[in-house]
Amino acid sequence: MAVSPVLLFMDRNLLARKQNARLDRQRDLGWKLFGKVPLRETAQKESKKTQKEYEDKAGRPSRPPSPKQNVRKNLDFEPLSTTALILEDRPANLPAKPAEEAQKHRQQYEEMVVQAKKRELKEAQRRKKQLEERCKVEESIGNAVLTWNNEILPNWETMWCSKKVRDLWWQGIPPSVRGKVWSLAIGNELNITHELFDICLARAKERWRSLSTGGSEVENEDAGFSAADREASLELIKLDISRTFPNLCIFQQGGPYHDMLHSILGAYTCYRPDVGYVQGMSFIAAVLILNLDTADAFIAFSNLLNKPCQMAFFRVDHGLMLTYFAAFEVFFEENLPKLFAHFKKNNLTADIYLIDWIFTLYSKSLPLDLACRIWDVFCRDGEEFLFRTALGILKLFEDILTRMDFIHSAQFLTRLPEDLPADEVFAAISTVQMQSRNKKWAQVLSALQKDSREMEKGSPSLRH
């Protein structure tokens, strides 16, 4: 039988009305999936009314909350993990917890709370002590800065060697005046000016451009040095810069001090083509850059490398280097005879660990802040303090080193611990006596140099 389109339309319309009415009722009750419409107040009242009617019919009035529920409701937190095992009863489907066990758990919980409070108190005391020490150090540094700026630096020539200044020097120069003090202490015997630095830098840049374009012209001042040597020196500078204080990420390509370091090292190779670039120079230049402007850092760098000890090492004067090692061993045996004998027995010679320490002035081997303090006193006392520092490090680890064989000793000394406390290192250095048989460092070194020259005169074969 055919259905009239009018009747079909009416049926559909009626069905749609019923569905809409049902949705309206749900909305009135506040139902909204994943929505924010709260239950209406009338719906809540109706729900309570319905529950009351059900309880009246069943004859079972609602039970008041149990004391345990009240306790739980009053808790400021939900018991978790161990706390839950102590404060909460077991589920209804498990046997009840014995009174003794409950008491034991509660005692354990109270002990845990006491221990936690003790740890918190101890941690608070530790933080307070750290804060007090930090404030004390900052106050000491602030007072030292005032002393250096107002008393010492304005009267440098008359005060730098006084006992008061030497004592301040040993405690460490404040970072804000460190660069100025270093410059004055190192001096400028070479009479290098900012203009000379600009000239050397311009020549270095021209050389870099020439090498990058494959040019073969040789400047007059580079006569005797092949293009291959200059190119190798340039490549070595690039490689060493990438390995200079890598954790700081400031000297590598793209870092804020990359160009400054590159400029100083390049300018120096033009200033001293006879020395050129030697591995280890980048660390010295980097430490100076952190404390001085570029031109002043170049002046200090050039004068520092012109000192007898540094020149002997960077020009790889084997005879003079051996003399320095021999002088060091004189004081090594004097201060640490037991460790000296142990090293002799294991054939651990001084050059194995001293070369890296001297080439980089400890800036590669020690934490940077400690290395700067070593530099402070090195600028005051000269090369002697470099070898005194080496003896201080050996003394600090004497007990460990005497139990090591050759390989482990060499590995340890070439890779010192990264968390060396400065106070402990300087305490060990302070115990080192740089005097042997009433002779000081300079006298011992001079005597050994004299002996070395006499041996060379008596045996010409030693020169080859």
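Each chain carries its own residue numbering, running from 1 in the direction its sequence is written. Selection of residues for local features in this predicted model requires a pLDDT of at least 70, selection of side-chain atom pairs for listing and counting requires 80 or more, and totals for whole chains, interfaces and linings are taken over all residues. Side-chain numbers here rest on the full set of heavy atoms in the structure, without hydrogens or water.

Participant: Where do I start with the overall build of the protein in this structure?
Facilitator: Only DSSP runs of H or I covering at least 4 residues are called helices, and only runs of E covering at least 2 are called strands; the numbering of each starts at the N terminus. In terms of helices and strands, the protein carries 23 helices and two strands. Whether a residue is buried, partly exposed or exposed follows from its accessible area with a 1.4 Å probe, protein chains only, as a fraction of its type maximum: under 20%, in between, or over 50%, in that order. The proportion of buried residues among the 464 residues of the protein is 36%.

Participant: Please clarify how the pattern of salt bridges should be interpreted in this entry.
Facilitator: Between side chains of opposite charge, a pair can form when the charged atoms approach closely. What makes a salt bridge here is a side-chain nitrogen of Lys or Arg within 4 Å of a carboxyl oxygen of Asp or Glu, nothing more. Per the counting criterion, the structure on display carries 13 salt bridges. A salt bridge links Lys 164 to Glu 151; its shortest N-O distance comes to 2.8 Å. Note that Lys 164 is positioned in helix α7 (residues 163-171) and Glu 151 in helix α5 (residues 99-152), a separation of 13 residues in sequence. For Lys 164, a relative accessible area of 45% translates into the label partly exposed. A residue is classified by how much of its surface remains accessible, and Glu 151, at 34% relative accessible area, is partly exposed.

Participant: How do you make sense of the state of the cysteines when you look at a structure like this?
Facilitator: What is meant by a disulfide is a covalent connection between two cysteines, made through their sulfur atoms. By disulfide we mean two sulfur atoms from cysteines, separated by a distance within 2.5 Å. Counting across every chain of the model gives zero disulfides. The thiol sulfur of Cys 200 is not disulfide-bonded, and the nearest other cysteine sulfur, from Cys 270, lies at 6.4 Å. Classification of Cys 200 as buried rests on a relative accessible area of 3%.

Participant: Help me understand the packing of aromatic side chains, please; the structure alone is not making it clear to me.
Facilitator: Note on aromatic pairs: each is described by the distance of the centres and the angle between the planes. Whether two aromatic rings pair depends on their centres lying within 6.5 Å, for rings of Phe, Tyr and Trp, where Trp uses its six-membered ring; planes under 30 degrees apart make the pair stacked, over 60 edge-to-face, and the rest tilted. In the structure shown here, the tally under the stated rule is 31 aromatic pairs. Taking 5.0 Å as the distance between ring centres and 40° as the angle between the ring planes, the aromatic pair formed by Phe 197 and Phe 298 counts as tilted. A residue pair is termed long-range when its members are at least 10 positions apart, and Phe 197 in helix α9 (residues 194-212) and Phe 298 in helix α13 (residues 294-305) qualify at 101 residues. Ring centres of Phe 251 and Tyr 257 lie 5.9 Å apart, and the angle between their planes is 35°; on these two criteria the pair is classed as tilted. A cation over a ring is seen here: Arg 373 above Phe 426, with NZ or CZ 4.1 Å from the ring centre. Two thresholds decide whether a charge sits over a ring: the Lys NZ or Arg CZ must be within 6 Å of the ring centre and within 35 degrees of the ring normal.

Participant: Help me understand helix α17 (residues 351-359) in this model?
Facilitator: Residues three or four positions apart in an α-helix share a direction because the helix packs 3.6 residues into each turn. Within the span of α17, buried status applies to Tyr 353, Leu 354, Trp 357, Ile 358 and Phe 359. For α17, the elements touching its buried residues are α12 (281-289), α14 (308-314), α15 (318-335), α16 (337-345), α19 (383-396) and α21 (406-414). Leu 361 sits one or two positions beyond α17 and adopts a positive phi of about 50°. Whether two residues touch is decided by their heavy atoms; if any such pair falls within 4.5 Å, the residues are in contact.

Participant: Looking at this structure, how should I read the side chain of Ser 263?
Facilitator: Relative to the elements of secondary structure, Ser 263 occurs in helix α11 (residues 258-271). Residue Ser 263 is classed as buried on the basis of its relative accessible area, which comes to 13%. Beyond its immediate sequence surroundings of up to four residues, Ser 263 is in contact with Phe 197, Leu 201 and Trp 208.

Participant: Got a minute to help me understand the nonpolar core in this structure?
Facilitator: Side chains of a nonpolar character, in soluble globular proteins, are inclined to be buried together. Throughout, nonpolar core names a set of buried Ala, Val, Leu, Ile, Met, Phe, Trp, Tyr and Cys residues whose side chains join them through atoms within 4.5 Å. One finds Trp 148 and Leu 394 to be the most contacted residues of the largest nonpolar core, which totals 109 residues. Not counting chain neighbours up to four residues away, the residues in contact with Trp 148 comprise Leu 153, Pro 154, Trp 156, Val 165, Leu 168, Trp 169, Ile 173, Pro 174, Val 177 and Val 181.

Participant: In this structure, what is going on with the packing of helix α18 (residues 368-381) against α19? I would like to understand it.
Facilitator: Two numbers describe a pair of packed helices, the interaxial angle and the distance between the axes. Throughout, an axis means a line fitted to C-alpha atoms (over the contacting stretch in the case of helices), and angles, computed between N-to-C directions, take values from 0 to 180 degrees. Following both chains from N to C, one finds α18 and α19 inclined at 135°, their axes separated by 6 Å at the closest point. The angle between α18 and α19 falls in the class oblique. On α19, the residues touching Ile 374, Val 377, Phe 378 and Asp 381 of α18 are Glu 383, Glu 384, Phe 385, Leu 386 and Thr 389. Here the contact of α18 with α19 is composed, by residue class, of five nonpolar, one polar and three charged. Here the angle decides the label: under 35 degrees means roughly parallel, over 145 means roughly antiparallel, 65 to 115 means roughly perpendicular, and every other value means oblique. Three categories are distinguished: nonpolar for Ala, Val, Leu, Ile, Met, Phe, Trp, Tyr, Cys and Pro, charged for Asp, Glu, Lys and Arg, and polar for the others, with Gly belonging to the last.

Participant: Please clarify how helix α8 (residues 175-186) should be interpreted in this entry.
Facilitator: Given a rise of 1.5 Å per residue, 12 residues ought to cover 16 Å, and the 17 Å separating the end C-alpha atoms of α8 matches this to within 8%. Taken as a whole, α8 has its buried residues at Val 177, Arg 178, Gly 179, Val 181, Trp 182 and Ile 186. Residue Gly 187 follows α8 closely and has a positive phi angle near 80°. One less than the number of residues in a helix, times 1.5 Å, gives the span that helix is expected to have.

Participant: Looking at this structure, I do not really get the environment of Glu 157. What am I missing?
Facilitator: Counting through the fold element by element, Glu 157 comes out in helix α6 (residues 156-159). According to the relative accessible area criterion, Glu 157 is exposed, its value standing at 65%. Between the C-alpha atom of Glu 157 and that of Leu 184, which follows or precedes it by 27 residues, the distance is 9.5 Å.

Participant: Whenever I open this one, unusual backbone geometry confuses me. Can you help?
Facilitator: Across the chain, the bulk of peptide bonds are trans and the bulk of non-glycine residues have phi less than zero. Within the chain, Asn 347 stands out as a residue other than glycine whose phi angle is a positive 55°. Along the polypeptide, Asn 347 turns up in the loop between α16 and α17. Phi angles above zero are rare outside glycine, and Arg 437 is one such case at about 55°. You can see Arg 437 is positioned in the loop between β1 (435-436) and β2 (439-440). Of the residues examined, Arg 437 reaches a relative accessible area of 75% and is grouped as exposed.

Participant: So what exactly am I meant to see when it comes to a nonpolar patch on the surface here?
Facilitator: On the surface, Ile 352, Phe 406 and Ile 407 cluster together to form a nonpolar patch covering roughly 240 Å² of accessible area. Among the residues examined, Ile 352 registers a relative accessible area of 31% and is labelled partly exposed. Patch construction takes residues with relative accessible area above 30% that form no salt bridge. Like charges are linked within 9 Å, and nonpolar side chains (Val, Leu, Ile, Met, Phe, Trp, Tyr) are linked within 5 Å. Methods summary: accessible areas were calculated by the Shrake-Rupley approach with a probe of 1.4 Å, and residue burial reflects only the protein chains presented.

Participant: Can you walk me through the environment of Thr 323 in this structure?
Facilitator: Relative to the helices and strands, Thr 323 resides in helix α15. In sequence terms Thr 323 and Lys 450 are 127 residues apart; their C-alpha atoms lie 9.9 Å from each other.

Participant: Explain the side chain of Thr 244 here, please?
Facilitator: Mapped onto the fold, Thr 244 is located in the loop between α10 (227-242) and α11. At 2.6 Å, the side chain of Thr 244 forms a polar contact with the backbone oxygen of Asp 240. The residues contacting Thr 244, other than those within four sequence positions of it, are Phe 251, Gln 252, Leu 261, Ser 282, Phe 283 and Ala 286. Here a polar contact is recorded for every N or O atom pair within 3.5 Å, except that within protein the pair must consist of a potential hydrogen donor and a potential acceptor, and residues adjacent in sequence are included only if both atoms are side-chain atoms.

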